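Understanding the architecture of this molecule
Single-letter residue listing:
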Amino acid sequence: MAMGGSTNTILHSLAIAIEAGFEIDLHELNEISQNVPYICKVSPAVSYVHMEDVHEAGGISAILNELNKVPGILDTSCLTVTGKTLGENISGSEIKNYKVIKSVEEPYSKTGGLAVLFGNIAPEGSVVKTGAVDNKMLVHKGPARIYESQDEAMRGILNEEVQPGDVVIIRYEGPRGGPGMPEMLSPTSAIMGLGLGDKVALLTDGRFSGGTRGACIGHVSPEAAGGGPIAAVQNGDIISIDIPNRKLNVELSDEEIIARMSLLPPFEPKIKKGYLARYSTMVSSASKGAVLKLPEIKQYKEELT
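A brief structural summary. (Residues numbered from 1 in each chain as written. Predicted model: local features only at pLDDT ≥ 70, side-chain atom pairs only at ≥ 80, totals over all residues. Heavy atoms only, no water.)

Moving on, we get to the side chain of S280. Its place among the elements puts S280 in helix α9 (residues 274-282). By relative accessible area, which is 3% here, S280 ends up buried. Of the polar contacts made by the side chain of S280, one reaches the backbone oxygen of R176; its length is 3.0 Å. If sequence neighbours within four positions are ignored, S280 has contacts with R176, P179, F267 and P269. (Helix = DSSP H or I, 4+ residues; strand = E, 2+ residues; numbered from the N terminus. Buried < 20%, exposed > 50% of the residue type's maximum accessible area, 1.4 Å probe, protein only. Polar contact = N/O pair within 3.5 Å; in protein donor to acceptor, adjacent residues only side chain to side chain. Contact = heavy atoms within 4.5 Å.)

This is the structure we're talking about:
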């Protein structure tokens, strides 16, 4: 949150939490964002700061020590892999360049650089790196331009099908649909390269690279391959994005979405044998960390026999 890092951070955090035996509610991440100031922007959110600059300015320890000035953000009593507590690790770490790492009194923003959006397209949530979104695109409304895969989207974007104001939707690239949520830096790079970064939004049930910038909203859950309402959106439907208020909706009634969903054919996996076919069958939603769900013992025994 304090660095506006990759949206993948949220996916990994959800998965690690489940492995540790508990779940994170995505609404909690918005609560964290409300309390954690955004104090360090790194490329591509800005062009002049890279990780080596952050290191020279005091590094992660300086960022954490600065955040520790805000009550309740860090538990500095936690033991770390160094054998010392977090508080001991960061004690004495100071910011050496306030152009790279801001103070909590004068942050880039008072809220964190990542947000989770909810709505009738993403009832289980979707993720955006707010720190890399142009201010003009924080609130946006425009017609949907649908692509059923990353490859199809690349052809469409490079053929200049996408117009200013559009909301590009790339679906069937989630955990089941991908399969495996392939990283999508190419479509976002193409949109930026065509000068549409402050004119076009992008939604996907897939995920992005940490190098992504622009109004790019990923991890839309449930995914299209899992029966999510993103599968019901059609070309020309009006998509409403309100990042400050954490909202993502299509201007359709619930009845229309349900009617459209009932007419969709069953999802056909891209890969139907081997490990990836098994993965596609067993994987959970991105809102649950895209982890493998254990089959019921009874079902497992039946498969063995």
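That shown, we press on.
Structurally, the position occupied by N30 is in helix α2 (residues 26-35). A polar contact is formed between the side chain of N30 and the backbone oxygen of V116, at a distance of 2.8 Å.

Glancing now at a nonpolar patch on the surface. On the surface, a cluster of nonpolar side chains totalling about 360 Å² of accessible area is made up of I271, Y275, L276 and L292. Structurally, L276 is set in helix α9. (Patch = residues over 30% accessible without salt bridge, like charges linked within 9 Å, V, L, I, M, F, W, Y side chains within 5 Å. Areas by Shrake-Rupley, 256 points an atom, 1.4 Å probe, with all protein chains shown as cover. Salt bridge = Lys/Arg side-chain N within 4 Å of Asp/Glu carboxyl O.)

This part is about helix α6 (residues 150-158). Looking at α6, one finds that the buried residues are Q150, A153, G156 and I157. For α6, the arc enclosing every buried residue in end-on projection is 125 degrees, short of the 170-degree limit, so these residues lie on one face. The exposed set on the far side of α6, more than 90 degrees from its buried face, consists of D151, R155 and L158. Of the surrounding elements, those touching the buried residues of α6 are β3 (139-147), β4 (167-170) and α7 (186-193). Phi turns positive, to about 60 degrees, at E160, one or two residues after α6. (Arc of directions from axis to C-beta.)

Once that is clear, we can look at the pairing of β4. Side-chain alternation along β4 places V167 and I169 on one buried face and V168 and I170 on a second face that is also buried. Sheet topology note: the β3/β4 ladder contains four bridges and is parallel. Paired with Y147 across the strands is I170, a residue of β4. Relative to strand β5 (residues 201-204), β4 runs parallel, the two sharing four bridges. Each residue of the ladder has a partner; that of V168, found in β5, is L202. In terms of handedness, the path from β4 via α7 over to β5 forms a crossover that is right-handed. (Pairing = 2+ DSSP bridges. Right-handed = clockwise from strand over helix to strand, strands pointing away.)

On to the pattern of salt bridges, then. Under the definition given, this model contains 12 salt bridges. When the shortest N-O distance is used, the salt bridge between K69 and E66 registers 2.9 Å. Classification of K69 by relative accessible area gives partly exposed; the value is 47%. In this structure, E268 and K272 form a salt bridge, with 2.8 Å as the shortest nitrogen-oxygen distance.

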